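Residue-level structure breakdown
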Amino acid sequence: MARHNTLGTIGEDIAAEYLIAKGYTVRERNWRMNKLELDIVAEKDTRIIIVEVKTRALGSMANPLDAITPAKIRRTVNAANAYMRYNGLPQEVQFDIITIVGDSRDNVHIEHIADAFRPPLRSYR
């Protein structure tokens with residue numbers, strides 16, 4: 001497995017642990033349907049929370065939020081729509097972003113941006 005894939009998996013583990021500690025229920029991790037993918041699907045109160053996780057190594061010049069492009073938002077919204085339909089869920093959906101920057105599991109900075117973006121008004125297929 002490539003180093004960035006290992007780092008991404010560790011970041012998703014940390015993000016899931018963080019969410020659980022904050023009272024969220026993690027419903028799914030790495031949910032996939034065809035080419036659609038969601039990092040974490042969580043639930044809190046009456047909402048389904050779709051969490052996009054971006055992890056970077058400490059010292060990386062890249063800001064993890066730069067990876068949240070309009071195209072990434074469209075893909076995430078399409079995947080969330082598919083997830084909700086597939087599971088027949090009526091709840092409201094919220095899109096969160098968790099960024100993780102660090103050099104080990106014990107030395108990370110976590111930023112949780114709740115309700116980070118709204119779905120675009122037009123449908124993308």
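Rules and cut-offs
Every chain is numbered on its own, with residues counted from 1 as its sequence reads. Selection of residues for local features in this predicted model requires a pLDDT of at least 70, selection of side-chain atom pairs for listing and counting requires 80 or more, and totals for whole chains, interfaces and linings are taken over all residues. Side-chain measures were taken over the full set of non-hydrogen atoms in the model, leaving aside hydrogen atoms and water. At least two bridges found by DSSP between two strands are what make those strands a pair. What counts as a helix is a DSSP run of H or I of at least four residues, what counts as a strand is a run of E of at least two, and both are numbered from the N terminus. Structural elements are reduced to axes, namely lines fitted to C-alpha atoms, with helices fitted over the stretch in contact, and the angle between N-to-C directions of any two is expressed from 0 to 180 degrees. The contact rule is simple, with two residues in contact once any of their heavy atoms fall within 4.5 Å. Take the buried Ala, Val, Leu, Ile, Met, Phe, Trp, Tyr and Cys residues and link them wherever side-chain atoms come within 4.5 Å; each set so joined is a nonpolar core. Residue burial is assigned from relative accessible area. The probe radius is 1.4 Å, only protein chains are included, and a residue is buried under 20% of its type maximum, exposed over 50%, and partly exposed in between.

Reading across from one edge, 1-2-3-4-5 is the order of the 5 strands in this open sheet, with mixed pairing throughout. On the outer flanks of this sheet lie strand 1 (25-33) and strand 5 (107-117), each paired with one strand and no other. Between one strand axis and the next, the sheet turns by 30° as a mean value, whatever way the strands run. Helix 2 (residues 70-87) contacts strand 1, strand 2 (36-44), strand 3 (47-57), strand 4 (92-104) and strand 5 of the sheet and is inclined by roughly 65° relative to strand 2.

Below, the discussion takes up the nonpolar core. Counting 17 residues, the largest nonpolar core has L38, V41, I48, I50, Y83, F95 and F117 as the members making the most contacts within it. Of all the secondary-structure elements, those providing two or more residues to this core are strand 2, strand 3, helix 2 and strand 4. Per-element accounting of this core gives the leading share, 7 residues, to helix 2. If near-sequence neighbours (up to four positions away) are discounted, I50 is found in contact with L38, I40, V41, T76, A80, V93, Q94, F95 and D96. In this structure, A16, L19, A42 and I49 belong to the second largest nonpolar core, which totals 12 residues.

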